[in-house]
Amino acid sequence: GTIFYLLTGKEPEPISKSYPARVNENVSAELDKIVSIATSTSLQERYCDVQAFADELRKLIAKK
């Protein structure tokens, strides 16, 4: 929820997968996907740990 708020300035819907690009057009499709995976209600769809999440963010930053 925190990353969604930082990207949009809005509170996310509780217990739901978040898509910040739907609220902020400046959020890239890649970042939107990362956030949606991180906020998935399904444990199988989420990143296995914070390191995997951080790695995806680092890869995105490296592309820029």
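Residues numbered from 1 in each chain as written. Predicted model: local features only at pLDDT ≥ 70, side-chain atom pairs only at ≥ 80, totals over all residues. Heavy atoms only, no water.

One can find Ser36 in helix H2 (residues 29-38). Within the local environment of Ser36, its side chain forms a polar contact with the backbone oxygen of Lys33, the two atoms lying 2.8 Å apart. Look past the residues within four positions of Ser36 in its chain and what remains in contact with it is Lys17, Ser18 and Tyr19. (Helix = DSSP H or I, 4+ residues; strand = E, 2+ residues; numbered from the N terminus. Polar contact = N/O pair within 3.5 Å; in protein donor to acceptor, adjacent residues only side chain to side chain. Contact = heavy atoms within 4.5 Å.)

It is worth spelling out the confidence of the model for the protein at this point. This prediction gives the protein a mean pLDDT of 96; 100% of its residues lie at or above 70. Mean pLDDT per element in the protein: helix H1 (residues 2-8) is the minimum at 95, and H2 is the maximum at 98. (pLDDT = per-residue confidence, 0-100.)

What follows deals with the environment of Ile15. Its place among the elements puts Ile15 in the loop between H1 and H2. Judged by its relative accessible area of 80%, Ile15 falls in the exposed class. Along the sequence, Ile15 and Gly1 sit 14 residues apart, while their C-alpha atoms lie 9.2 Å from each other. (Buried < 20%, exposed > 50% of the residue type's maximum accessible area, 1.4 Å probe, protein only.)

A few words on helix H3 (residues 50-63). Counted at 1.5 Å a residue, the expected span for H3 with its 14 residues is 20 Å, and the 20 Å between its end C-alpha atoms agrees. Taken as a whole, H3 has its buried residues at Ala52, Phe53, Ala54 and Leu60. Lining the buried residues of H3 we find H1 and H2. Backbone nitrogen of Gln51 and a side-chain oxygen of the N-cap are separated by 3.1 Å at the start of H3; the cap is Asp49. (Expected span 1.5 Å × (residues − 1).)

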